[in-house]
Each structure stands twice: as structure tokens, then as C-alpha cells.
Amino acid sequence: MLTLVNSPSPDQQNMARDLTEVFYRQMYTIRKVEQNLLDLFAQGYITGTVHTSMGQEACDVGVVNSLDRSKDIIFSNHRAHGQFLAYCDDVEGLIGEIMGKETGVCLGIGGSQHIHRENMYTNGVQGGIVPNAVGAALAEKIKGTGAITVVFLGDGTMGEGVVYESFNIASLWSLPVLFLLIDNGIAQSTPKHLEHAGELETRAMTFAIDSASIEADDVNKVYSTACEVVNKVREHSRPFFLHVKAARLGPHSKGDDTRSKEEIESLKQKDPLLKISESLPVGLRMEIEQKIDVRIQTAVEKAMLASHPGLEQLRRV
Amino acid sequence: MLTLVNSPSPDQQNMARDLTEVFYRQMYTIRKVEQNLLDLFAQGYITGTVHTSMGQEACDVGVVNSLDRSKDIIFSNHRAHGQFLAYCDDVEGLIGEIMGKETGVCLGIGGSQHIHRENMYTNGVQGGIVPNAVGAALAEKIKGTGAITVVFLGDGTMGEGVVYESFNIASLWSLPVLFLLIDNGIAQSTPKHLEHAGELETRAMTFAIDSASIEADDVNKVYSTACEVVNKVREHSRPFFLHVKAARLGPHSKGDDTRSKEEIESLKQKDPLLKISESLPVGLRMEIEQKIDVRIQTAVEKAMLASHPGLEQLRRV
Amino acid sequence: MEKDPNAILLGEDILDPYGGAFKVTKGLSTKFPQRVFTTPISEASIAGLTVGMALRGMRPIAEFMFGDFITLAADQIVNHAAKYMGMYGDQMKLPMVLRTPVGGGRGYGPTHSQSLEKMFLGLPMFHILAPSHFVHPGEILVQAISGSYPTLFLENKLLYPEVLKLEQHSGVINRTVHFDEHNYPVVVLSNFPDKRKADIAIVAYGGISRLLGPVLNQLAQEEIWITACLPVSLSPLPIKHIQATTEGIKKILVIEEASPAFGWGSEVSAALYDAHAGQLDGPILRIGAANSVIPASKPLEEKVIVSEEKILSAVFEVMAW
Amino acid sequence: MEKDPNAILLGEDILDPYGGAFKVTKGLSTKFPQRVFTTPISEASIAGLTVGMALRGMRPIAEFMFGDFITLAADQIVNHAAKYMGMYGDQMKLPMVLRTPVGGGRGYGPTHSQSLEKMFLGLPMFHILAPSHFVHPGEILVQAISGSYPTLFLENKLLYPEVLKLEQHSGVINRTVHFDEHNYPVVVLSNFPDKRKADIAIVAYGGISRLLGPVLNQLAQEEIWITACLPVSLSPLPIKHIQATTEGIKKILVIEEASPAFGWGSEVSAALYDAHAGQLDGPILRIGAANSVIPASKPLEEKVIVSEEKILSAVFEVMAW
Ligand SMILES: Cc1ncc(C[n+]2csc(CCOP(=O)(O)OP(=O)(O)O)c2C)c(N)n1
Ligand SMILES: Cc1ncc(C[n+]2csc(CCOP(=O)(O)OP(=O)(O)O)c2C)c(N)n1
Ligand SMILES: [Mg+2]
Ligand SMILES: [Mg+2]
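Residues numbered from 1 in each chain as written. Chains lettered and ligands numbered in written order. Predicted model: local features only at pLDDT ≥ 70, side-chain atom pairs only at ≥ 80, totals over all residues. Heavy atoms only, no water.

### Focus on the pattern of salt bridges
It is possible for side chains bearing opposite charge to pair when their charged atoms get close.
Moving on, step 1. Counting across every chain of the model gives 44 salt bridges over all chains.
Moving on, step 2. When the shortest N-O distance is used, the salt bridge between D293 of chain A and K32 of chain A registers 3.8 Å. Here D293 of chain A, found in helix α10 (residues 282-305), pairs with K32 of chain A, found in helix α1 (residues 15-42); they are 261 residues apart in sequence, far enough to count as distant.
Moving on, step 3. Measuring nitrogen to oxygen at the nearest pair gives 2.9 Å for the salt bridge that ties E267 of chain D to R286 of chain C. Taken together, the positions of E267 of chain D in helix α7 (residues 264-276) and R286 of chain C in strand β14 (residues 285-287) put the pair across two chains.
Moving on, step 4. Using a relative accessible area of 10% as the deciding quantity, one classes E267 of chain D as buried.
Moving on, step 5. The class for R286 of chain C is buried, based on a relative accessible area of 15%.
Moving on, step 6. Taken together, the shared-partner salt bridges in this structure form one network comprising R31, E57 and D271 of chain A. (Salt bridge = Lys/Arg side-chain N within 4 Å of Asp/Glu carboxyl O. Helix = DSSP H or I, 4+ residues; strand = E, 2+ residues; numbered from the N terminus. Buried < 20%, exposed > 50% of the residue type's maximum accessible area, 1.4 Å probe, protein only.)

Quick look at the structure:
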């Protein structure tokens, strides 16, 4: 079973502060890993795609920490590095994976978009994970484990019909699944107003699914809402639709951003790392950052030296 | 171009009465053709499937007559006999088709579920016609013909994700398409409450599509609502979702009905033919019915004698 | 279902008293109400749920009402079911079965009569099975759901009313069964008693089996000796067993229900040529449906799909080479 | 688009300045803003809209961002696009093109690197085209959309940066072009000048063309003479032209990018055996990708998919027979 590498101190008094510290560690780790990945891509050490979570860390961290890591299930998509690190803190496994090395969490076979560890599964084809998540929720319900399933999806992915099929079934069969929409207002290069008619906030309501909408600039806020929602889903064994407004600070993948400088600058003001870093003493922050920087540097170096997977590691038939 | 075989008299004074007469002719024709089809099936003259519109004639006739047959477009599904007859009154073509004869409107190749004449297209796979209809609406909009497209779907078919994709696109691109949901509360053998969470009435609203809901027991009511709605769609070039509550009086297809006798009896009280027949003088009604009976009898006899299509009539490559 | 509490059934209209469009699931929802789910008309999600359940250790079996609708599950099959087992670098098992009735012959028309298995043949980490009435379909279903792989399980509509033919001898027809690498049966039929070599080897599967009984009987009367090989596993193809069965036979006929272009028979034929080319009298003949839609009109449909007459005339054609 | 006011473009992210994930549509939305539609992420509907527009007389061209997502359009392709032309008993035309980049070699991983065309090969009333850089893809696209059939148009990702090779002679390589029944080109390359017969015939398509130039050059140095046949139309297969090109050549190698099991090469091989069996030295060799997912790790991906080295060693293997 997984445990948080940086698990909150049991000391109740320091709980809030400790949580903030834990969140900052996770968020900074995510940000820094992804900056490294973009650099490595630019230097030619990575091929394929790299969709970063930069700007969305508060959502990833807030939501994942509200789960019971010992049993809850996560499905996610192409933009899952943040959730993965918040889930299991496996920096080495992620960097190795994306660099295509056999030290990667999936031996380098899956790459950035196809990651799996313990109860987390990602897939790079939009939409299809949603019924998978509903199926997982059904399985756990039948097994009686009390686990809930969360599935992350993007605003653009709300274009896929299978999402609505899944809403209907999850509600009809009262399944404990949290549909977690990260609405960053853009899909690849296309702004939301060219993707959608009406409001995304209400899309699940017509299937009798309780819904809520929040901003993702403050990790503590996301966390507390997520805790509430997760409890509800677990207790009532009913689906919930949580609409989280976030900002995609980086390019869609690698370096393809066609938004204006002004737009990106204005988004940067919502950077959730800014907000949380203000609430930590500078000294502590520096200490945290330094440790993480070293850790990531070491992970990158290790991945550089690691071997690529071989044909014998591929399954056939 | 098609014209109504029984077109309303231009005499304004007799308009309403004439319309009722026209509607009755069409509805009675539909009912009678389908009763014949079920008989023919029972006698082994028809194979495959026969999904009848019995009980839904007011909807089919009310909606189709609100269209401009010279240019508007109809897409429909497995249960389209009624709409087809209301559209073009081609009794011979329909019976021939379903009996698999080359006198059928599609040479007997398509059969009950795959019918096409002029601007009407049907397909037996649920859901896929909906984006086809939206594409047709887009094409007509680009061509500037002023045509609108109506697509018939059933309550069960609201389970298909592509329907929601189509709602979104039709609304986003402001396309003149009428989504016409015939909600008979059942899909094959499955009652609506085992198919759907929430209310079907609101499913299109979240895509910013104007919606309305009516009963289909009174053809005149359906017709006047449909006229209004069709005007709106045409004028504003916007989609509309019309939810029509209807009763499926017959089996799903051929003879497979697992509903209780009581349920079917209670549905029969909503039979739209009852209602409309009350508003016509008995003499006139008898005259109409006799003529239609003879016409259908002749069509059946003709189809009996007709040849089956040959291999050379099938397209390849 | 009795034995495995993780077995789950789902599909459209599968509850009693209806019990599914072809009644295959009849009685099960009454016996196991907690584990039989009638679904909305959402094929992509039916497949997607199945995959999700299998990922979490259940053994789900989904029914698609008609094989034609498997198209709606293509993304789940190709990019989800078949990928999860291969792309995570682990040894995950993903036992799940998508059952569906396929084939023509009932006048259902162009979108309800197809044999679309060729869409998924050769897909890595995905199995396709098609029992004939010379094996026990229920046992094979249990075998599939007890195994490791996501599986498409094809039931030819015209086999539903057939009586299983599991005896070793039935009139002139002898039946032997081999087992392939995944332990699925490869049935070998012959219409002659002794150890002689057949005149013609027939390779086929699924619903074609229904036609082979009468055909082999009739050919025995005309003293045309046939060995017929009917693998249950279409993909992966138990080619070693097929090659061993056809070894030394000078004429080969491959039959499938779909049109032969780019079909199952293309692979079988190519692989048999690979093994036997140079030892054959004439080319390998492949037959199947016409390259057109499957028409609703039944007399025309009969001309389009494979029939006893077509097989017989193919046999005579091959004999004349 | 200039010439035909009925030509419509649609797809995800195709508007300027982005101009599509692979930039193929760049500039078009600026030039024809009324006829270029960026769509939501709704592949089934993209295909469905395309079919609907074609039914109503437009000539729509849709882009699928990756060929892997064509799975989501499978129902539209099989049960709608391909059926409308055949099932209504009329002579309807349905010109529409679904364009999509396919293939591996860029490290995109298991769900963004596939060549899934085998799913639709052999589908009646549906065409599949795969230009190489030995033909003009733009001209073929215009030809397809000006024709009668719904068409899947495959663009190998690795061909995008390639320079077109349309000259008759380029170093040792000679290029001739035949035209098939639908007037699509069948390119024949050879690496020898005279009228002698080649040692080996290679049959391939699409992105494999990129590898053939270097391979043919190198083999010329080793005095191994090759005739390579590259049809643009994968399905229907211009088998007469392929058979004519390979006639009299004693060794045949069939290459495709996907795994060879139940693939394009299976049909080509079976059909070439049908024509030439008995005249060949050894079996027809088919090569393609490994029967696994396409891994993200690029060095491993290179071992999985077809490469120059693999083709060369296949050639040497065949030569040794
Ligand atoms: C079925 C499918 N269609 C298209 C794509 C290509 N694609 C990858 S990410 C993306 C945009 C997704 O946007 P959104 O859902 O908003 O997520 P975000 O990238 O903003 O996190 C697209 C179109 C895909 N991966 N899968
Ligand atoms: C994609 C698909 N799935 C399943 C079916 C089988 N089927 C035919 S009609 C039907 C029920 C449809 O119910 P509804 O949409 O309510 O229409 P109704 O029959 O009531 O008119 C089903 C499941 C089908 N034709 N297509
Ligand atoms: Mg987004
Ligand atoms: Mg219904």
C-alpha cells in the first residue's frame, strides 16, 4: 500500500501548518519536475509529448490529498503528472518513464500519457477513461471496499459523448465516482467558447448528479472542498461533479502555445504556487525547495544513466 | 419534388376540418399498413424486424406535416414507418420494401430500418443519425437553402453519447435542426427508469438549446406546436429540442412485448386515433377508411407478386 | 456465475422476463439479481465499464445486442482493453468478455447482419473466439472469463437453435479435438473413416460449421473426402494446428462468413501457402460473402452470404483443378 | 478549396494560427473562414457531420488529429458512411474524406502511434488511401474528394517533413506510375536501369516509402535488384497491377507499418500466392511491427516498428532462400 512520503504530522496543533507544508512540498515538486521535463525536451532527451500541469497544481494536490490512498482509485488523462506525484511522490519513476527508461514506473513503455501505479491509471485518449472509472467504481461497490473513484477530465474532453453516457450510468446505478473537471478554459489551442455551448457547470446536473464549482488558486480551499465532496460520494455512494476552474500556465504540450503574452501574464497572477508560498516562512520554503531541487536533479541524473527497455519487456499476443 | 397526395384544400374556411381529414387519412394509413405488416410477419411473408409506430401516429403526422416537404430533411431510426408515410404516402414502396421486393422504395435491400426517399433517411443503428442530421443542417445552412433538418430519436437512444456531442455542436454552430424525442417510456423491453437518471426534458438545455415538452395524443396539438417550433428553428437558425410523450401500443418489434396487459390497456386510452376519429363525422370516416383499406390491400397484393431484388442490384467496391 | 462471485453480467435488455434479444441470458437476472445489470443504450460505455471492472479484479461479461454495434466499442477495445495489458510494463491480467451475436441469414438488413470481427483480428493483447456447434460454447465462455485476456466472443445467430454435436462419430462424420497454445479447441472433422489423406482441406469457423455437417455428408456420398479444421480462436490464430491438419492435403478451401477481402481467410490462406506452397494442386480458394451490404430481402441475402450450395460448388471447383 | 465552393474542412484545433496539430491545414481558416470549422473534441460527431454533409451534396474533409482516434468514428464509418451508399438501392455518391496522421517513430506512445487501417480494409463501399512521397498527396486528396466514395486518407507522420520524389529518375532509382481502376496511382520503383527482372519484388505503401529510397540505393550497390510496388489505394486493392508488377519475380517481400497478422500484407500475400504460387523461390515474406503495443521509449519503438535495417535483413533473408 502507498503512504505519503511526506505525511502530515499527527500533532493536531500543527495540523494546518503541516498540511500547508505538505501541499507546498507536493506542489513545488510537481512544478519543478515539469520544468525539468520541458528543459529535457528542449534538449532532446525526451521525445513525444509532455503535457504539464503547471498552474493546476493546487487542484491536483488538493484533490488527491482528499482521497484515501490506501484504497481510492484515480483515473486520469494526458495531463496527469501532477496528480501522479501528489498520489505517490514517485519522482524517479515519472522522470524515468518520460525519458523512456526502464527505471520508469511503466518501464518507459507508456510514456507521459500512459502511467499506472497502484490504483492510479492514465490514458492519452480523451474520454474513454470515464466509463473505465465508472466500471471501477461499480467493481469496488460490489466488492464492498468503500473505495471511491475519481476521474480527472478537461473542459475540452467534455466534447466526448461517452462522458455523458457515464454520467447517466453512474447516477442511475448510484456509483461512488467523483467526476473532476479541470476547466482551464482551453483545449490544446482552442478556447472554451469555440468548444462548448452553454455552461459546463450544469452538464452533469441534468443526470441528477450533484455538482459544485470552485476556483483552483488556493490549495487549502480545493482540499477542504474536495474532502467534503469525497466524504459525500463515499457516504451516499452517489456520483458528484466537481468543476474546478484552473489556469494552464504552460503550453499544451512541449512548446505549442498560441495564446497572447498578455493572456498568459494575466493567468500567471492566479499561479497557485504564489498564493501558497506566501503562507510559508521564507526560511522553511527555501529549505524545502533546496531539498526537492537536489532530489529532482539526482532523479534526472539517474534517469540519464538508466537503460532503455528491451523487446523482451514488451508483452505480445 | 414531393407533394402531399392528400393535400389540404386551399379553401380557408374548411382549413381546420380539411387538416383534420388529412391527418386522419395519414394516421389511419399508418395504423393500417402496420397492422398488415404485423399480419404478414406472423404469416411468414416478412422476415427480420418490424418496429411499428402504432400509438405514435399523432406525433409522426403532426411533426412531418409541419415541415416544408419541398426542402426540409428528415432523419429517423428503426421506428420510422409512420414518418415515412406521413412524408410521402408511398404505401406501395414501404410494403414492398419490408417484404423484400424490388418494388420497395430501396429495392428491398434496406428493409424496415433502412429507408430513403427524397430528403428522408433512416438507419437502424441508434444514435449515429444524430450527427448526420446536424451535418445535413450545416450543409443546408452553408448552401443557404433555408431548409431545416429534423431528427427523430427515442428515449432509449438518449443513452448514446453521440447525441450529446450533437447537441453541443448544433448549438455552438447555431444550426437549424430539430431534435425530436419520442418518449414512449420504454426502450425495447426496458422501462425508462432503468435507462435514465434525471429528466430527459432537460438534457438539451444544458447545451443552451431551447426545449419544450408535449403530449402526443392530439395530432392537432402536436401539429400546431411543431409548426411554431419549426418556424423558430428556421427563422433563428437555432436548434430546438422537442420532447413528445407518446405511447407505444404495439410490441417493440414483431411480437416481443413483456409489458403487462393492464399497462397496455391503459396506454390504449391514449390512442391518438381514438381522439381524432371522434372529431370526424362517421360517414366521412368510413369512406376514408374504406378507400385506404382497399389501397393497402392492393399494395400488399402487388408486393406479393413482385420479384425479389437480384445480385446485380447490389453495389460493390 | 454460480462458481465465481466476481462474474458480472451486463448488457441491454438482459433482465427477465425478456432475458436479452436472443434470450441467451434468460433466467440469470432472477438467479443473480445483484450481478446482472441491464444497461442504457450506451455501447461505448458498456465496453468501458467492462474494462474498468476487469481492471479492478472482477470478471465481467458484457452482451452487445448485435455484433454490428461493436463498432461503438472500438475505442474501448483498441485503445483501452487491449492497451492496459500492454502499455504499463506490468503483468496485469484483464479477463473480460464481450459477447455478441453475429452474422446474417435472418433478414435483419445491412446494419444488423454483419460479421465485423475482421476489424479486431490481429490486435495485440486481445483475443477473438468464435465457437461452433461442434464445441460447447458455455465451457469456452467460462474458459475465456477465467483467463487473462480481454476477449470478443462471437455467437453466430443461426447457431442458437442448433443442437451441439459433441460426439466423436456422427454418421460418416468423425470429430477430433486438439487444443491450441491458449487451450482453446481446434476441431477437426472428416467424412471418411480410414487413415487416408483427404482430397480437400476446409478451414472455417463459427456459423459456417452449421453448413459443414450437411456438406460433408453429401460429399461422402460422392466420395469426395474432406478434412475440415475449425479453430475456436480466430485471433491469435492457432496456425500450427491448422498447418498440421492441412499438411499433405493438396487442395484447400477457406470459408468465412464475412467478405473474404482482407479477412480472416486472407491470413489463413497466406499462412497456409507459407507452409504448403509448392505442395498444392492449384491455388487456395477463399469464399465468403459478396463484397456488398447484406441486404434485408432474404432471398437476396441468401445469395450474398455463404450457403451449402456455395460451399459445394467451391468444392467442385477445387476438385476440378 | 479554391475551386470547389462545396469543399468544407473540419477538425480539432485546425484554426490559424495553430493550423492543426501537424500544421497541415495552416492558412486555410484565414483564407476560407466560412468553410473551415474547428470542432469540439467529438470524433464520432466529426465523422457523423462529415457523412451528413456529404449526403447533402457538400464535399467535406475532416481531420482526425491522430489516426488512433479513428476508433471513435468506427460506427460512423462502418454503419453510416459505408452503408448509405449501399443500402438504399440507389446510385448515391458520398464523397467525403477523413484525413489522419498515422504511424510511429515519434515517441508518442501506445495510443498515438498506431496504424489502424486494417480495421477498415475490405469494407464495401469505402476506400482507404495512403499516399507515399513518390506521389503528390494534395492531388490525390483532391481526386478523392472529387470522387464518389467515402474515403479514409492516411498520412504517415514521418512523411510530413519529406520532400516529394516525383521525378522519373533519381540516382539509381527509376519511378514509373500506373493507374488503377479508380485512377489512383500505383508507383513502381526499381533500382536497375535495364529491362531485366528484379531479384526481389517489394510490395508496400505509405510511410514505408521513406525507407525504400535508401534501401534501394544501398541494395543497388550490392547488386541486389529490386522492383517495389507502392499502390496508393489500400482498399480496394489494385491487385491486378500488383500481380502484373511482381509477375516473373521469384522472391517477394511485403512490408507494412502495422503488425503483419491479419493485415494488409495478409491479403496481398494471399493474392500474390494465388497468382504466382509454384513460380516462387521460397515463401512470400511479410514484415511489419512487432505484435505488441508501440512503446513510448524511442529506442524501443525503433525496434518495434519497421526500419531500414529490418527491411535490409529481410531482403538478405529472402535472397538466401
Ligand atoms: C480522443 C482524443 N481526441 C483528441 C486528442 C488530442 N488531444 C490531446 S489533449 C487535447 C485537449 C484536451 O483539452 P482538455 O480536455 O481541456 O484538457 P487540457 O489539455 O486542457 O488539460 C486534445 C484535443 C486526444 N488525446 N484524444
Ligand atoms: C446502437 C444500437 N444499440 C442497440 C440497438 C437495438 N435496439 C433497437 S431499438 C432499441 C430500443 C430503442 O428505444 P428507443 O430509443 O426508446 O426507441 P423506441 O424503440 O421506443 O422507439 C434497441 C436497444 C440498436 N438498434 N442500435
Ligand atoms: Mg482544458
Ligand atoms: Mg422508447
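### Points about the coordination of the magnesium ion (ligand 3)
Residue and element names in this part refer to chain A.
Moving on, step 1. Around the magnesium ion (ligand 3), the protein supplies D155 (OD), N184 (OD1) and I186 (O) as donor atoms, at distances of 2.0 to 2.1 Å.
Moving on, step 2. Sequence positions of the donors to the magnesium ion (ligand 3) reduce to the motif D-x28-N-x1-I.
Moving on, step 3. On the accessibility criterion, N184 (14% relative accessible area) is buried.
Moving on, step 4. Note on I186: relative accessible area 10%, which makes it buried. (Donors = N, O, S within 2.8 Å, 3.2 Å for Na, K, Ca; no water.)

### Side note on the domain arrangement of chain C
Residues and elements named next belong to chain C.
Moving on, step 1. The domain architecture assigned to chain C consists of domain 1 (7-161) and domain 2 (166-319).
Moving on, step 2. On a C-alpha basis, the centres of domain 1 and domain 2 stand 25 Å from each other.
Moving on, step 3. Contacts between domain 1 and domain 2 engage 34 residues on the former and 34 residues on the latter.
Moving on, step 4. Between domain 1 and domain 2, a total of about 2,700 Å² is buried, with carbon and sulfur atoms accounting for 63% of that surface. (Domains from an automatic or database assignment. Contact = heavy atoms within 4.5 Å. Buried area = accessible area lost by both parts, 1.4 Å probe.)

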